[in-house]
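# Fold and contact review
These are the residues of each chain, in order.
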Amino acid sequence: MSGVVIVGAGLAGARCAETLRAGGYDDPVTVVGGERVAPYERPALSKQFLAGEKAGHEILLRPSGWWAEHDIDLRLGEPVERVDLDRKVVEIHGQELPWSNLVIATGARARRLPGVGCEGVHVLRTLGDAVALRSSIRPGTKLVVVGAGFVGAEVASTAAGLGAHVTILEAETAPLARVAGAEVGLTLAERWRKQEVVVRLGIRIQSVAPGRVELEGGDVVPFDALLVAVGAEPASELLGHSGGIPTDACGRTEHPGVFACGDVAVFGGRRVEHWTSASGQAAAVAATILGRPTPYLDAPYFWSDQFGLRLQMVGTTAGWRHLELDGGSDSFRARYVDDDGRTLAVLLANRPREVGAARRELASAA
Amino acid sequence: MTTYRIEIDRSLCSGFGSCVEEVPGVFALDGDGLATLLVTGTDDEAVLDAAGSCPMGAITVFEAETGEEAS
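All figures in this text were calculated on a predicted structure; none of them were measured in a lab.

## Describing the overall build of chain B
Secondary structure summary: chain B contains two helices and five strands in total. Helices and strands appear in chain B in the N-to-C order β-α-β-β-β-α-β. A globule of 71 residues ought to have a C-alpha radius of gyration of about 11 Å, and chain B, at 11 Å, matches this closely. Principal-axis analysis of the C-alpha atoms gives chain B an extent of 30 × 20 × 15 Å. Taken over 71 residues, chain B has a buried fraction of 31%. Considering only contacts in chain B between residues 6 or more positions apart, those separated by 24 or more positions represent 54%.

Structure (structure tokens):
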């Protein structure tokens, strides 16, 4: 038996390998990762790691020796160059690795802005990105964050805590407008502004040169460091896809013996970039390889820690028509409802005790 | 005179090379791309910065005389 080759050593790849071993899988398990680092908690990059509260070894998913102890061959710093579906091999460094089952868990990569790539410009996706960003943030640093999504807001929060002067530039007229609606977005922006962050909405960037962003209309915003936080794109090109790899609810792709999970997968019809989804999808893939196919259909869930708020969202807001907002910028519940009065998603801010109820409500609605 | 003794946990090192940038005379990356020591001890205080700059926290510096961790 040639075993399972998992391409990608993020949460999805790691969890898939662990679940295979925990389920009694006896054949070789190889996890191939493009980064040099053993699997780690990516969510910490914008928070505890960036803040200097945790070192790299404190955000590893498992202690460094754990993988070998469980007979999992971690091959790090070796991006897979090609997948041959007919001969059932992957190519790394001109070497061929055979597989009987292949799992694509290559995740996503940070989206960049065309033409923006000069000195002082950062993205945040990998530990290496976080190292570079961290070393550029000092008390008094002028940090510009382009994009008021969750990563942008978390970095802004951490950097402000480190004493940086932060300016957020957002193209929409409210932060998180598409995901959470303008009313919620503006409530959050109000909180950011109270904590000395400059939030500029409806902004179009004309150009970025070292140390300065020029906006449409002629305004210039100076910076020491600039973070482009405009989302991520699935790294799905190994199988020839550009917008994610479609799978069923067990992670099976159209190719026999080939699976996908995590940020790269359009899993059971939807692509979700959340920790819990990556973990659940990976476990479903492992179960399927073990001969016990178990669909993963849980409502998406994610959290974000920023500016003293713990935001937690259950469900997906796509298609919402009515918003019921209860509370203010220190604590709120936003309920997203469709035309038939059905709750699609609930976003909670500093209301951890309501998460369970929201989950149950969405599970019964599904 | 040697003031500091240095240890690298090679199971944690992930080859970022920040230590080499801090103190090229003490640290180097080997053929596997992992950090290695060119000397076992030094009196160069910059090794404390190197330990602090390691993203993985793989470097520990000790006071040679007392054997206690230096910071």
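There's plenty left to go through after this.
## As for the sheet that holds strand β5 (residues 89-92) of chain A
Residues and elements named next belong to chain A. Read across the sheet, three strands follow the order β4-β5-β6 without closing on themselves; strand pairing throughout is antiparallel. For this open sheet the edge positions go to β4 (82-84) and β6 (95-98), each flanked by a neighbour on one side alone. Averaged over all neighbouring strand pairs, the angle between strand axes comes to 25 degrees, with direction disregarded. Bridge count for β5 against β6 is four bridges, and the pairing is antiparallel. From the neighbouring strand, E91 faces β6, where its bridge partner is E96.

## Side note on the interface of chain B and chain A
At the interface, ten residues of chain B touch twelve residues of chain A. Taken together, the residues that form the side of chain B that touches chain A break down as five nonpolar, five polar and no charged.

## Comments concerning the nonpolar core
Counting residues in each nonpolar core, the largest one holds 112 residues, and the members touching the most others are C16, V103, L227 and C261 of chain A. Here this core gets eight residues from one element, more than from any other, and that element is helix α8 (residues 275-289) of chain A. Apart from the residues lying within four places of it in its own chain, the contact partners of C261 of chain A are A12, C16, V103, A105, G251, F267, A278, Q281, A282 and V285 of chain A. Y4, F27, V47 and A51 of chain B belong to the second-largest nonpolar core, a separate cluster that totals 17 residues.

## Brief notes about the confidence of the model for chain B
The share of residues in chain B with pLDDT of 70 or more is 99%, and the mean pLDDT across the chain is 92. As a predicted assembly, this complex carries a pTM of 0.92 together with an ipTM value of 0.72.

Procedures and definitions
- Sequence positions are assigned chain by chain, starting from 1 and proceeding in written order.
- All chains are assigned letters beginning at A, and all ligands numbers beginning at 1, according to the order in which they are written.
- Only residues with pLDDT of 70 or above have their local features reported here, since the model is predicted, and side-chain atom pairs are shown and tallied only from 80 upward, although totals for entire chains, interfaces and linings are computed over all residues.
- Only DSSP runs of H or I covering at least 4 residues are called helices, and only runs of E covering at least 2 are called strands; the numbering of each starts at the N terminus.
- All radius of gyration figures rest on C-alpha atoms, and the globule criterion is 2.2 Å times the number of residues raised to 0.38.
- Whether a residue is buried, exposed or partly exposed is read from the other C-beta atoms within 10 Å of its own C-beta, which are placed from the backbone; 20 or more gives buried, 12 or fewer gives exposed, and intermediate counts give partly exposed.
- A pair of residues counts as a contact when their C-beta atoms, built from backbone coordinates, are within 7 Å of each other.
- Following DSSP output, two strands are said to pair if at least two bridges run between them.
- Helix axes are fitted only over the stretch in contact, all axes being lines through C-alpha atoms; the angle between N-to-C directions runs from 0 to 180 degrees.
- Residue classes follow a fixed rule: Ala, Val, Leu, Ile, Met, Phe, Trp, Tyr, Cys and Pro count as nonpolar, while Asp, Glu, Lys and Arg count as charged, and any other residue, Gly among them, counts as polar.
- Throughout this description, the term nonpolar core refers to a group of buried Ala, Val, Leu, Ile, Met, Phe, Trp, Tyr and Cys residues whose C-beta atoms join them within 7 Å.
- Confidence scores labelled pLDDT are given residue by residue by the predictor and lie between 0 and 100.

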